[in-house]
Amino acid sequence: MKDTLLVPFSFAIDTVNGTLAPERPPVQRRLDDMKTAYAQETSGDDLVYEVRQIDVPTTNSNLLSSTTTLYPGKTNGEYYMTKGHFHQKRDRAEVYIGLSGEGRLLMSSESGEVVVEEMRAGSVNYVPGGWAHRSVNVGEEPLVFYAVYIADAGQDYLAIEHQGGFPVIIVEGENGPEAVPNPRFQQA
Ligand code: M6P
Ligand code: ZN
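Residues numbered from 1 in each chain as written. Chains lettered and ligands numbered in written order. Predicted model: local features only at pLDDT ≥ 70, side-chain atom pairs only at ≥ 80, totals over all residues. Heavy atoms only, no water.

## With respect to the overall build of the protein
Keep this limit in mind: Numbering goes from the N terminus for both helices and strands, where a helix is a DSSP run of H or I of at least four residues and a strand is a run of E of at least two. Only C-alpha atoms enter the radius of gyration, while the globule expectation follows 2.2 Å times N to the 0.38, with N the number of residues. When a residue's accessible area, from a 1.4 Å probe over protein chains only, is under 20% of the maximum for its type it is buried; when over 50% it is exposed; and in between it is partly exposed.
Tallying secondary structure elements over the protein gives one helix and 17 strands in all. The globule rule puts the C-alpha radius of gyration for 188 residues at 16 Å, and the 16 Å found for the protein is close to it. Each of the three principal axes of the protein carries a C-alpha extent, and together these read 55 × 35 × 30 Å. Expressed as a percentage of its 188 residues, the buried residues of the protein come to 43%.

Now the structure itself:
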């Protein structure tokens, strides 16, 4: 079968707020949408993050990309963060490019290994297949980053929910943000 030939296109990113031109409607996540994501149950209509996606067909190894704008804040001592997911197709990798703000990229494998990397303007983080990923805003400005992955990857949020979140959470310690064990985590 002949592959569909897409027409090349371009976008401009506002690196401070994550908006795109031409505009894309954001998917918004509020505390109420992620009540059980944090170690202690939370709620409220505070806007935690927005994702603006550059849509492409999920066929033919197209690359899907998006900006995420993760607002500064804390709930019960935990910094604001994304829900986090494994890819439904576990072997799909992802690349993150930091655009502004200060964050941590939390990654964990199905056997419970954990890696935490820093995110800031100009950082490039490679998330290999098989690693769940969640970003955390540890600064006082919005954390803005661009992410790219093969469009058929899919997001598996349930696996994270079943294991009680990630093995560690990021909280404010005496010397700044630190990763501490997540009391709710249970190895799947
Ligand atoms: C990045 C990418 C997206 C993801 C978004 C928010 O932009 O990893 O795939 O949707 O962050 O993260 P989550 O889907 O875990 O809420
Ligand atoms: Zn992903």
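## Thoughts on the pairing of strand β10 (residues 103-109)
Stated formally: Strand pairing requires that DSSP identify at least two bridges connecting the strands.
Buried residues dominate β10, accounting for seven of its seven residues. Because side chains alternate across β10, one face comprises the buried residues Gly-103, Leu-105, Met-107 and Ser-109, and the other comprises Arg-104, Leu-106 and Ser-108, equally buried. Bridge count between β10 and strand β11 (residues 114-119): six bridges; the pairing is antiparallel. Paired with Leu-105 across the bridge in β11 is Glu-117. Linking two consecutive strands that pair antiparallel, namely β10 and β11, is a turn of four residues; a positive phi of about 90° is found at Gly-112 within it. Of the pairings in the sheet, the one linking β10 to strand β13 (residues 131-137) comprises seven bridges and is antiparallel in character. Bridging from a neighbouring strand, Leu-105 pairs with Ser-135 of β13.

## Quick word on the layout of surface pockets
Rule in force here: Two kinds of site are reported from a 1 Å grid over the protein atoms alone, namely cavities, where a 1.4 Å probe fits but cannot get out, and pockets, open sets with protein on both sides within 12 Å along at least five of seven lines, and residues are called lining when an atom falls within 4 Å of a point. Grid points are joined across faces, edges and corners, and a volume is the space filled by probe spheres set on the points. Under this grouping Gly is polar, as are all residues other than the nonpolar Ala, Val, Leu, Ile, Met, Phe, Trp, Tyr, Cys and Pro and the charged Asp, Glu, Lys and Arg.
Reported here for the largest pocket is a volume of approximately 430 Å³. Lining the largest pocket are 23 residues, with Val-51, Gln-53, His-85, Gln-155 and Tyr-157 sitting closest to its centre. For the lining of the largest pocket, the secondary-structure elements that each account for two or more residues are β3 (27-30), β4 (47-54), β5 (63-70), β9 (94-100), β13 and β14 (143-150). Its residues placed into classes, the lining of the largest pocket shows nine nonpolar, nine polar and five charged. There is about 180 Å³ of room inside the second largest pocket. Looking at the second largest pocket, it is lined by 14 residues, and the ones nearest its centre are Thr-36, Ala-37, Lys-83, Tyr-157 and Glu-161. Broken down by class, the residue content of the lining of the second largest pocket amounts to four nonpolar, four polar and six charged.

## Section: the site of ligand 1
To be explicit about the condition: Think of it this way: one heavy atom of a residue within 4 Å of a molecule or strand is enough to make that residue near it. Residues adjacent in sequence count toward polar contacts only when both atoms are side-chain atoms; beyond that, a polar contact is any pair of N or O atoms within 3.5 Å, and within protein one must be able to donate a hydrogen and the other to accept it. In these tables, accessible area is a Shrake-Rupley quantity obtained with a 1.4 Å probe, and a residue counts as shielded only by the protein chains included in the view. What decides whether a molecule sits in a cavity or pocket is whether more than half of its atoms lie within 2 Å of the grid points.
In the vicinity of ligand 1 lie 15 residues, with Tyr-49, Thr-68, Gly-84, Glu-94 and Tyr-157 positioned nearest. Note that an oxygen atom of ligand 1 is positioned 2.6 Å from one of the side-chain N or O atoms of Tyr-157. The fraction of the free accessible surface of ligand 1 (370 Å²) that becomes covered by protein chains is 96%. With respect to the pocket detection grid, ligand 1 is positioned in the largest pocket.

## Quick look at the pairing of β4
β4 sits mainly inside the fold: six of its eight residues count as buried. Two elements, β3 and β4, share four bridges in a ladder whose sense is antiparallel. Paired with Arg-29 across the bridge in β4 is Tyr-49. As paired strands, β4 and β5 are joined by six bridges and run antiparallel to one another. From the neighbouring strand, Val-51 faces β5, where its bridge partner is Thr-68.

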